[in-house]
Amino acid sequence: MTLLLLAHFVAAAVAPALARILHRRSFLVLALVPAVTFAWLLAQTSRVTDGHAVVEQISWVPQLGMDFDLRLGTLQWLLGLLVSGVGALALVYCAWYFKPDDPSLWRFTGVFTAFAGAMFGLVVADNLMALYVFWELTTVFSYTLIGHNPVRSANRRSATQALLVTTFGGLAMLVGTIVLGETSSYTISEMLADPPPAGTLTTIAVLLVLVGALTKSAQVPFHFWLPGAMAAPTPVSAYLHAASMVKAGIYLILLLEPIFADVPGWRPVLLVLGLWTMILGGWRALRQDDIKLLLAYGTVSQLGFMTVLAGIGSKAAGLAALALVLSHALFKSVLFFTVGIIDKGTGTRDLKQLHGVARSAPLLAVVAILSAASMAGLPPLVGFVAKESALTAAIESAHGPLTATTGWLTVAGLVVGSVLTVAYSARFVWGAFMTKGATGTSPRPTPFDAPKALLIAPVLLSLTTLGSGFFGAPLTELFHPYAVTLPGEEPEHLALWHGLTPALGLTVLAITTGLALFALRGPFATLQDRLPQVVDAERVYQRFMRALDRFAVEVTALSQGGSLPTYLSTIFIIVLVLPGAVAATALPGTQVRLWDSVAQAVVGLFIIVGAVLAVRSRNRLQSVMFVGATGYGLALLFLLHGAPDLALTQVLVETFSLVLFVLVLRKLPERFRRRPLAERRSWRRSWRLALAGSMGLAISTITVVAANARVHEPISKAFPEAAYAFGHGKNIVNVTLVDIRAWDTLGEISVLVAAATGIASLVFVRTQDVEHSWTRRRSHVEVISSVARERRSVILETATRLVFHVMILLSLYLLLAGHNQVGGGFAGGLVLGLALLVRYLAGGRAELDFAAPVSAGFVLGAGLAVSAVSALAPLAFGGTVLQSAVVELDLPIWGHVKIVTALLFDIGVYLIVTGLALDVVRSLGSGIDKQAEEDEVTA
Amino acid sequence: MNAIAPSLTLVVVAGFLIAAGVYLLLERALTRLLLGIVLASNGVATLYLVVSGPAKGAPFVGARPTEEMSDPLPQAMVLTAIVIALASVAFVLSLAYRQWRITGSDDVPDDAEDDLIKRLAERDEVSSTYDPDTQSTTTADEEDATA
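Quick notes on the rules
Residues numbered from 1 in each chain as written. Chains lettered and ligands numbered in written order. Predicted model: local features only at pLDDT ≥ 70, side-chain atom pairs only at ≥ 80, totals over all residues. Heavy atoms only, no water. Helix = DSSP H or I, 4+ residues; strand = E, 2+ residues; numbered from the N terminus. Rg over C-alpha atoms; globule rule 2.2 N^0.38 Å. Buried < 20%, exposed > 50% of the residue type's maximum accessible area, 1.4 Å probe, protein only. Salt bridge = Lys/Arg side-chain N within 4 Å of Asp/Glu carboxyl O. Axes fitted to C-alpha atoms, helices over the stretch in contact; angles between N-to-C directions. Parallel < 35°, antiparallel > 145°, perpendicular 65-115°, else oblique. Left-handed = near helix turned anticlockwise from the far one by under 90°. Contact = heavy atoms within 4.5 Å. Nonpolar A, V, L, I, M, F, W, Y, C, P; charged D, E, K, R; others polar. Patch = residues over 30% accessible without salt bridge, like charges linked within 9 Å, V, L, I, M, F, W, Y side chains within 5 Å. Areas by Shrake-Rupley, 256 points an atom, 1.4 Å probe, with all protein chains shown as cover. pLDDT = per-residue confidence, 0-100. Domains from an automatic or database assignment. Phe/Tyr/Trp six-rings, centres within 6.5 Å; stacked < 30°, edge-to-face > 60°. Buried area = accessible area lost by both parts, 1.4 Å probe. Polar contact = N/O pair within 3.5 Å; in protein donor to acceptor, adjacent residues only side chain to side chain.

Student: Explain the overall build of chain A residue by residue, including any values.
Tutor: Helix and strand counts for chain A come out as 39 helices and four strands. Taken over the C-alpha trace, chain A has a radius of gyration of 38 Å; the compact-globule value for 939 residues is 30 Å, which it surpasses by more than 25%. A principal-axis box enclosing the C-alpha atoms of chain A has dimensions of 115 × 75 × 70 Å. Looking at chain A residue by residue over its 939 residues, the buried ones come to 57%.

Shown next as structure tokens:
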């Protein structure tokens, strides 16, 4: 089963390519997948009939109850056969239905096949979560199939409507399944064996699941999406909206019936909504002129019929429900295929314009009339067999499990529904095939021309309709394993003749009344028009959608004013009110030390002064310098705290970002814009000051409380030993970065690459970052002469060139030594970046390109590749990701050398930091220069 | 007991840095906002020093006994944070530059889209993506579905 399921999705994936080569004939190849599924299911028949389910189990996340279990019982077997059989035939039908040059075939083929797979998965899944996933997959595929031709706005609306209604139900169902899964088991067969305890919780969960089933199977009040879905191409209507997807809800109800039939609400909901749907669908079907819509309302009506049977919940009703599911799938898909052929042959589906199609397409007429007769419940077709057993089951239900009143009301409702069914079946045959004309005038037959091959699917299906009516007894045997799971007496066999039973009488009554109703169609239509329109569910849906949209607008306007300071203030206030206030209550009793050393206090004072001055200054450059001062002060704090690595990196980063600020600020106005006097004096400023002060206080309080509250020993207590034993390094901080917590570092360098890409794309919207200078390498003299004369400084240039190589050596030293001493990839990369920055400052962008004739993107990519490869490499040697190993070598000059593989990872970090630096200097240095020059030229 | 009695100096320094950072964050000029971020992240880096406990020696194996080493884990975290901060400084600077190139100022204005929605709400109107077509999907004009 798993393989078959997989085959569907593989086929769906290759379908677009296949459609390019074979065009519409690709459908014939794709049909093989469901056809093989069908054959496999047939081969399982004897096992399933014996009551042995076919089970396949794949464990996925057992802790969450997410196992991928497949299970084939009677119910699954029947639905599976319908899904795969009708699916294969629908695909064959598609091969002639679509125009050879249809441009969207590639998409349709893939989605249609994927739908067949999802539907098969839905049926055989034995896990609630898997079932839900397949359930929603069918919804999504149905959405794209309904919107196959998205040019028409009505199609788009139909598709959206179907999607929203069914996902609404799907979400309700998800909540229900989670409750059921948590209280019982996520494995459906286990849940059936050991149902969740009866109680309010279970009742609510079951009703929520019913909402999902009823929306999917288009029951009142959610029925309206199904007629709307007729915007889909006809094969889709035949397959999804008649034979398979709309049966998913019925399937779910039948599946849960054995354990939930007695849950409060289950029977009333199903019986009332089912009967209502059956009668409403039939009533509406009689008003349609579009024969496809007529069938759609017919489907709604029949789904209501099935819901009623499922709702009764006795052995006999269960058996009848299965017979009805089978017969409906057979006749309704044929009828839709017929509509497709008529549409294609005549160019219309309006029964007022169709005349004498029976004469131009006699075989089609025979096939369709057979199916319509099965729909109406005429002998000797399977539809008659199903309806007989259904009426019998309903009559018997008055003695249990239903009460006498409910039982007889149900019978009455079913008879009314059947009358309407007979009438609209007749209307369909008459409308699609007969010649209509007022008082003897006989209009010319509608011209008809359609490929004969389209008849393959309907002919095969009608033969089944015709044949299976005679095999009531074997069908009973096949369905029996399901029926016995329900309460009630042993049902009678499905058969064409049970003798003169009450059910037969009711059938005769329904047929005669239905035909009479058809004969009186003129007056009846007038009556229908006179009756006031009751509530239209589609209007309610539209009003709801409008209200939802309005609500969204109001909420958005209220919550998203668009002002950044407002957003930030909101966040800060929440921080103050919740964690801040809570921390303040915990403050008494905490302990603090004054300082670690007097030096710390001195540096701290320096930082505080810097911060205050940075806030007060309104000169951009000045503020930057004060902020920089706090950064250097921080480096001192690091040093005092026994963190030389941090101090080194902080100094490098601070220097680098100071230069970056200067590079950008040279373009921006010197001073910050003056606020209007009123605003500066107003409460806003005091408010900001108060908020900022409270935030500082709150964070300090939280810190004191949190530090005092630590109960566990820090995990890093084990680091020193681990660093040397597993990481083979003495610098614990560096080993932490490249080994113990290397996953963090991997994530971080990915962020660096992303940031670098973002920076480059913000500055270089149109141009490339490096002027490929290695392709036309220039001499030193040329490079120097490309810098504007008044900006040159010979001393700076010469000194830079001398110092440049020393800095490169230093950066390499930091990289290589970092594992055991101060340094590492970050510090090394920053030094190299500073070296490049200095070259740029001295000689401009040509000098930078000369010093680093590579694209920053290349360096970044290489770095990421090196890190990733070195992270994954241990896997090849049977290790785990990011495991370190040590390689010891005896080299002639260096003597005994120990190389730790983590160094390779650090080299990746080194390259990425260098790449980031290069990227930033190119963007904020060279890039801004270039744009300034361009501006001068254009000015 | 693993509780830390934090150094008040560090706590106060962090508080000041964060307060200054928040103050600048509430401004509208992008470069000032950025300085606010830098100050605040310096403040947070200081908090990591609080977490690492009393000041001790540098964490190098063999240089000193384990008990005399400062906690290496917060150091590693701050090290990555510092480098990320550099990347974000560069990124926001290029944003500010771009904003200045396009609008002539580096101020962050109120979102125009949000303003639009506010006006929709005032006029009690639906959103621009709402499809006002209420004709029933089953009675809309039909075309050839295979077209």
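Student: Outline the pattern of salt bridges, listing residues and values.
Tutor: Within this structure, the stated rule accounts for 24 salt bridges over all chains. E27 of chain B is the partner of R688 of chain A in a salt bridge, and the nearest nitrogen-oxygen pair spans 3.0 Å. In this pair, R688 of chain A sits in helix α31 (residues 683-708) while E27 of chain B sits in the loop between α1 (8-25) and α2 (30-51), so the two residues belong to two different chains. Neither R688 of chain A nor E27 of chain B differs from the other in exposure class; each is buried.

Student: Requested: an account of the packing of helix α25 (residues 537-559) of chain A against helix α4 (residues 112-122) of chain B, with residues and values cited.
Tutor: Viewed as axis vectors pointing N to C, α25 of chain A and α4 of chain B meet at an angle of 125°, and their least axial separation amounts to 8 Å. By the criterion of interaxial angle, the relationship of α25 of chain A to α4 of chain B is oblique. Remark: the crossing between α25 of chain A and α4 of chain B carries left-handed chirality. Contact with α25 of chain A, carried on its side by R550, V553, E554, T556 and A557 of chain A, involves I117, K118, L120 and A121 of chain B of α4 of chain B and no other residues of that element. Counted by class, the contact of α25 of chain A with α4 of chain B contains five nonpolar, one polar and three charged residues.

Student: Just give me the short version of a nonpolar patch on the surface, but keep the residues and values in it.
Tutor: All names here are of chain A. Nonpolar side chains collect at one region of the surface, where I456, L460, L463, L466, F470 and F471 lie side by side and expose about 570 Å² of accessible area between them. Counting through the fold element by element, F470 comes out in the loop between α21 (456-468) and α22 (472-483). The exposure class assigned to F470 is exposed, which follows from its relative accessible area of 53%.

Student: Just give me the short version of the confidence of the model for chain B, but keep the residues and values in it.
Tutor: All names here are of chain B. Mean pLDDT for chain B: 87, with 93% of residues reaching 70 or above. When pLDDT is averaged over each element of chain B, α1 comes out on top at 96 and α4 at the bottom at 88. Per-residue pLDDT stays below 50 along residues 142-147; that stretch engages in 14 contacts with residues further than four places along the chain or on separate chains. With a pTM of 0.76, the predicted complex shows an ipTM of 0.89.

Student: An account of the domain arrangement of chain A is needed here, citing residue identities and associated values.
Tutor: Quite often, the size of an interface is put as the accessible area lost when its parts meet. Entries for chain A in the domain assignment read domain 1 (1-264), domain 2 (275-530), domain 3 (535-581), domain 4 (600-671) and domain 5 (716-939). Of note, the centres of domain 1 of chain A and domain 5 of chain A, computed from C-alpha atoms alone, are 53 Å apart.

Student: Which residues make up the environment of T74 of chain A, and what are the values?
Tutor: Tracing the backbone shows T74 of chain A in helix α5 (residues 74-97). Owing to a relative accessible area of 7%, T74 of chain A belongs among the buried residues under this scheme.

Student: Explain the packing of aromatic side chains to me, using residue names and the numbers behind them.
Tutor: Residues and elements named next belong to chain A. Tallying each qualifying case throughout the model produces 16 aromatic pairs over all chains. Here the aromatic rings of F27 and F108 are separated by 6.0 Å at their centres, their planes lie at 70°, and the arrangement is edge-to-face. Highlighted residues: F27 in helix α2 (residues 26-30) and F108 in helix α6 (residues 105-124), separated in sequence by 81 residues. The pair formed by F27 and F108 is uniform in burial state, with each residue classed as buried. Taking 5.9 Å as the distance between ring centres and 70° as the angle between the ring planes, the aromatic pair formed by W430 and F518 counts as edge-to-face.

Student: Report on the interface of chain A and chain B, specifying residues and quantitative values.
Tutor: Contacts between the two partners involve 140 residues from chain A, matched on the other side by 108 residues from chain B. Roughly 11,000 Å² of surface becomes buried between chain A and chain B when both sides are summed, with 67% attributable to carbon and sulfur atoms. Ionic pairing is found between R101 of chain B and D935 of chain A, a salt bridge with its closest N-O pair at 2.6 Å. Along the contact surface separating chain A from chain B lie 36 residue pairs in polar contact (both at pLDDT 80 or more). Top element by residues in the side of chain A that touches chain B is α31 of chain A. It accounts for 14 residues. Its residues assigned to classes, the side of chain A that touches chain B comprises 73 nonpolar, 39 polar and 28 charged.

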